[in-house]
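Topology and contacts: notes
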Amino acid sequence: MSIFEVLTIIIPSTLLTAAPLIFTSLGGVFSERSGVVNIGLEGLMSVGAFTAAISTLALEHSGFGDASPWIAILIAAIAGGLFSLIHAVVSISFRADQTVSGVALNFLAAGLTIFLVKMIYEGKGQTPYITHNIDKISIPGLSKIPFIGPIFFQQVTYTSYLAILVSVLVWFIIFKTPFGLRLRSVGEHPAAADTLGINVSRMRYIGVALSGVFGGIGGAVYLVTITSNYSVSTIAGQGFLALAALVFGKWHPIGAMGASLFFGFAQALSITSQQIPYLDRLPSVIMLTAPYVLTLIVLTGFVGRAEAPKADGVPYIKGQR
Amino acid sequence: MIGFLKKINWMTLLIPIVSVILGLLCGAVIMLIIGYNPLLAYQSIVESIFLQPYYGGETIRAMIPLVLAGLAVAFAFRTGLFNIGVEGQLMVGWLASVACAIIFGHLPRVLLLPMSIIAGGAAGALWGYIPGLLKAKFKVHEVISTIMMNYIALYTTAYIIKNFLYHEGERTPTIPASASLASNFLANLTQGSRLHWGFIVVIIAVIAMWYILWKTTKGYELRAVGFSPDASKYAGMNVSRNIVLSLTISGIFAGLGGAMEGLGTYQYMTINSAFTGIGFNGIAVALLGLNSPIGVVFAGALFAGLQTGGLTMQSVAGVPVELIQIIIALIIFFVGSSYVIKWAIERLSRKGHKK
């Protein structure tokens, strides 16, 4: 098998597995840049995936056809945004420990989604499979380019490219707009931002809600491109992997995207390594644990220091120094 | 002055109690909305735990790892550290104890059983030591590093079982009887539940945590670091070393929790594709138990009872067992929002005084 053939297997697979991670870790960027730690990304993805599953099924049933999964992603975004408001209220207004609230959010999401699945599907622990998922396609025109085409534009989904475009957009919003500056300022030094007339709580609510929207999209994309049905094991650790990508990417949108692609690559390798000469001899455990081990190494500062926003995780109480 | 102190103690005790009541009320509301009978559901939980020896035994059985996980989280909390890695520490402890029991299976019981328990604790200690070291040396936040360690544990234990300790049925072989904590006596006593001798380890662990933190100089240092790392440093304490120590001891508790599952409940370890959930429940237990050893026991009893009774609830009242998880999540939210609950109670009591 030539290197070219190996790449045509690994790269599309990387793009596929990275897309949900990119969306979710971008959500994490919004929340943590505003100063609210979000351990609840896993739960937000579960809510997104669950919503996507039931809405795609409902839309298919009403005859929306191929548009169903796309509309479902939008519904999941709204559901994720609403669900994340619990985290916002508890950790911003009620000043609960943000990590505690995030842990509870994951619990609630896992319990609630399966509870509802059992309610809707008469005691079954999983939803039926959706029939209209977002398929892998060859992008017309671009896939005909010699060499590059088969690697990057065959057997891919539009969501992967959308994810990459959105991360550039998020970078622009956070670093080039007044809104982004305000968001970052409440995450770095909320008291100073408050003095300048920025409503700290409101900015943080927006940050958390956006993390819910993006987490919901991430979960939905995972469902409509990869698993096609929702059960208790659908989002097994994807949210925490996105959290790792956020840290590995040093709380930067482009960094988070790069880290997600890299983690997607590691996941793709662990799945496809059986087909690839030489790699099939490597224990899969190395590929599976690589994202986590590398994140730990990055955090130790051997490869450039990863600094969280200054006020990340600290509730803001007016008048308190 | 004494009256004042009494009032504060009541207040701190009141928050977990109010949280549990609110959590159960919310659960009842959810059941009402969907059309179940909440009274029947809660009644079935209480009746099964207290009147049926099997479920009573299973509740205590479920308490064993849950309390140890809760102690692990609470111990680290006392030093100001949030150990989310109990889940991973528990898994490596589970595997280490089972592996030790199988490899040294020829040794007599007096040696093998303590060795296997210690192996579990030691593996957990190692899994806690690494994030501790990363925090002390490189200022890596323990929340992130312990989450990473969880996943490393999940995949590594699965890999080790698959390649070195494989037995039909995606699990390790069963441990020899000489390393087992299970007992026919306890099983007969509770009409065939999986209750095992591990509860003795739990009692020792509860006392050990209380003794270490409140009766030794080292424990005083650990708590001081939790209150204020800067003040402790100024007082001449080695903050870094205390951080490492705290997470290591926390890991021991968690590892023991895993050993109890391996040597007691199951007698083997399966290849896990997802977490056991005991470690994450331990966070809830520690929070509700106000990070005190005795509080953890009560909180552990409550959650173990809810989870075991939840199975009867499902069969009797038809309510999916996931409702219990929802209630537990809500209880954590309420305990976490103690600031608002305190504020509400104070307002209510002030109004009462005016009248």
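Residues numbered from 1 in each chain as written. Chains lettered and ligands numbered in written order. Predicted model: local features only at pLDDT ≥ 70, side-chain atom pairs only at ≥ 80, totals over all residues. Heavy atoms only, no water.

The next point concerns the overall build of chain A. Along the backbone of chain A there are 12 helices and 0 strands. At 20 Å, chain A has a C-alpha radius of gyration in line with the 20 Å of a compact globule built from 321 residues. Summarising its shape, the C-alpha atoms of chain A cover approximately 65 × 50 × 40 Å along the three principal directions. The buried share of chain A, taken over its 321 residues, is 57%. Looking at chain A alone, contacts between residues at least 24 apart form 76% of all its contacts between residues at least 6 apart. Summed over its atoms, the accessible surface of chain A is roughly 12900 Å², and 67% of this surface lies on carbon and sulfur atoms. Here chain A contributes 17 positively and 13 negatively charged side chains, and the mean placements of these two sets differ by 11 Å. (Helix = DSSP H or I, 4+ residues; strand = E, 2+ residues; numbered from the N terminus. Rg over C-alpha atoms; globule rule 2.2 N^0.38 Å. Buried < 20%, exposed > 50% of the residue type's maximum accessible area, 1.4 Å probe, protein only. Contact = heavy atoms within 4.5 Å. Areas by Shrake-Rupley, 256 points an atom, 1.4 Å probe, with all protein chains shown as cover. Lys, Arg positive; Asp, Glu negative; His and termini not counted. Charge placed at Lys NZ, Arg CZ, Asp CG, Glu CD.)

The subject of this paragraph is the interface of chain B and chain A. Where the parts come together, the accessible area they lose is often given as the size of the interface. Each partner contributes to the interface: chain B provides 41 residues, whereas chain A provides 41 residues. Between chain B and chain A, roughly 3700 Å² of surface is buried when both sides are summed, and carbon and sulfur atoms account for 83% of that area. Of all residues in chain B, the largest losses of buried area upon contact with chain A belong to M148, Y151 and F333 of chain B, amounting jointly to 18% of the total for that side. The tally of links from chain B across to chain A stands at 1 salt bridge. In this structure, E322 of chain B and K118 of chain A form a salt bridge, with 2.9 Å as the shortest nitrogen-oxygen distance. Remark: the boundary between chain B and chain A carries 1 residue pair in polar contact (both at pLDDT 80 or more). Where the side of chain B that touches chain A is concerned, the elements lending two or more residues are α1 (2-34), α5 (109-138), α6 (142-164), α12 (278-288), α14 (322-336) and α15 (338-354) of chain B. The element best represented in the side of chain B that touches chain A is α6 of chain B, accounting for 11 residues. (Buried area = accessible area lost by both parts, 1.4 Å probe. Salt bridge = Lys/Arg side-chain N within 4 Å of Asp/Glu carboxyl O. Polar contact = N/O pair within 3.5 Å; in protein donor to acceptor, adjacent residues only side chain to side chain.)

Take the pattern of salt bridges next. All names here are of chain B. In this structure the tally under the stated criterion is 6 salt bridges over all chains. For E261, the salt bridge is made with R61, and the minimal N-O distance between the two is 3.9 Å. With E261 in helix α11 (residues 239-265) and R61 in helix α3 (residues 53-78), the pair connects residues that are 200 residues apart, well separated along the chain. Salt bridges linked by common partners bring E58, R61, R194 and E261 together as one network.

Ranked by size, the top nonpolar core spans 172 residues in total, and within it Y230 of chain A together with L71, I147, F253 and F303 of chain B carry the most contacts. Tallying contributions element by element places α3 of chain B first for this core, with 13 residues. The residues contacting F253 of chain B, other than those within four sequence positions of it, are L68, L71, A72, F75, A205 and M209 of chain B. (Core = buried A, V, L, I, M, F, W, Y, C linked by side-chain atoms within 4.5 Å.)

The next subject is the side chain of S228 of chain A. Residues and elements named next belong to chain A. Relative to the elements of secondary structure, S228 occurs in the loop between α9 (200-227) and α10 (238-248). According to the relative accessible area criterion, S228 is buried, its value standing at 8%. Of the polar contacts made by the side chain of S228, one reaches the side chain of N133; its length is 2.9 Å. Look past the residues within four positions of S228 in its chain and what remains in contact with it is P128, Y129, I130, N133 and L223.

Within the structure shown, the criterion is met by 18 aromatic pairs over all chains. Plain terms: the ring middles of F50 of chain A and Y230 of chain A are 5.9 Å apart, the flat faces sit at 70° to each other, and that makes the pair edge-to-face. Residue F50 of chain A is located in helix α2 (residues 41-61), and its partner Y230 of chain A is located in the loop between α9 and α10; the two are separated by 180 residues in the primary sequence. The pair F50 of chain A / Y230 of chain A is uniform in exposure class, with both members buried. With a centroid separation of 5.0 Å and 70° between ring planes, the pair formed by Y151 of chain B and F275 of chain B is classed as edge-to-face. One end of the pair, Y151 of chain B, is in helix α6; the other, F275 of chain B, is in the loop between α11 and α12, with 124 residues separating them in the sequence. The exposure classification of Y151 of chain B matches that of F275 of chain B, with both residues buried. An aromatic cluster of three or more residues is present, and its members are F240 and Y292 of chain A together with Y151, Y155, F275 and F280 of chain B. In this structure, R194 of chain B is placed above the aromatic ring of Y266 of chain B, and the distance from its NZ or CZ to the ring centre is 5.6 Å. (Phe/Tyr/Trp six-rings, centres within 6.5 Å; stacked < 30°, edge-to-face > 60°. Lys NZ or Arg CZ within 6 Å of the ring centre and 35° of its normal.)

With 15 residues, α14 of chain B extends 21 Å from end C-alpha to end C-alpha; this agrees with the ideal 21 Å at 1.5 Å per step. Most of α14 of chain B is tucked away, with 13 of its 15 residues classed as buried. (Expected span 1.5 Å × (residues − 1).)

The next subject is the packing of helix α9 (residues 217-227) of chain B against α11 of chain B. All names here are of chain B. Here α9 crosses α11 at 100°, and the two axes come no closer than 10 Å. One way to sum up the angle between α9 and α11 is to call them roughly perpendicular. Counted together, K218, E221, L222 and V225 of α9 and V239, N242, L245 and S246 of α11 form the full contact between these two elements. Taken together, the residues of the contact of α9 with α11 sort by class into 4 nonpolar, 2 polar and 2 charged. (Axes fitted to C-alpha atoms, helices over the stretch in contact; angles between N-to-C directions. Parallel < 35°, antiparallel > 145°, perpendicular 65-115°, else oblique. Nonpolar A, V, L, I, M, F, W, Y, C, P; charged D, E, K, R; others polar.)

The next point concerns the UniProt feature "transmembrane region" (unreviewed entry) in chain A. UniProt feature "transmembrane region" (unreviewed entry): in the numbering of this structure it lies at residues 6-29, 36-58, 70-90, 102-121, 158-175, 205-224 and 282-303 of chain A. The distance separating the terminal C-alpha atoms of residues 70-90 of chain A is 31 Å; by composition the span is 100% helix and 0% strand. (UniProt positions renumbered as here; feature names shortened; annotations may be inferred.)

A word on a nonpolar patch on the surface. All names here are of chain B. A contiguous nonpolar patch, built from W10, L13, I17, I21, L22, L25 and L290 and spanning about 660 Å² of accessible area, is present on the exposed surface. Residue placement: L13 occurs in helix α1. Residue class for L13 comes out partly exposed when judged on its relative accessible area of 46%. (Patch = residues over 30% accessible without salt bridge, like charges linked within 9 Å, V, L, I, M, F, W, Y side chains within 5 Å.)

This paragraph deals with the side chain of S246 of chain B. Residues and elements named next belong to chain B. Locating S246 in the fold gives a position in helix α11. What makes S246 buried here is its relative accessible area of 0%. Of the polar contacts made by the side chain of S246, one reaches the side chain of T79; its length is 2.9 Å. Other than its neighbours up to four places away in sequence, S246 contacts F75, A76, T79, L81 and L222.

Turning our attention to the packing of helix α1 (residues 3-33) of chain A against helix α6 (residues 158-176) of chain A. All names here are of chain A. Where α1 contacts α6, the two axes come as close as 8 Å, and the packing angle between them is 20°. Taken together, α1 and α6 sit at an angle that is classed as roughly parallel. Regarding α1 and α6, the two cross each other, and that crossing is left-handed. Facing α1, whose interface residues are L15, L16, A19, I22, F23, L26, V29, F30 and R33, α6 presents T159, S160, Y161, L162, A163, I164, V166, S167, V170, I173, I174 and F175. Here the contact of α1 with α6 is composed, by residue class, of 17 nonpolar, 3 polar and 1 charged. (Left-handed = near helix turned anticlockwise from the far one by under 90°.)

Take unusual backbone geometry next. Although it is not a glycine, W251 of chain A sits at a positive phi angle of roughly 60°. With respect to the helices and strands, W251 of chain A occurs in the loop between α10 and α11 (253-272). Residue W251 of chain A is classed as buried on the basis of its relative accessible area, which comes to 6%. The phi torsion at N291 of chain B lies on the positive side, around 60°, for a residue other than glycine.

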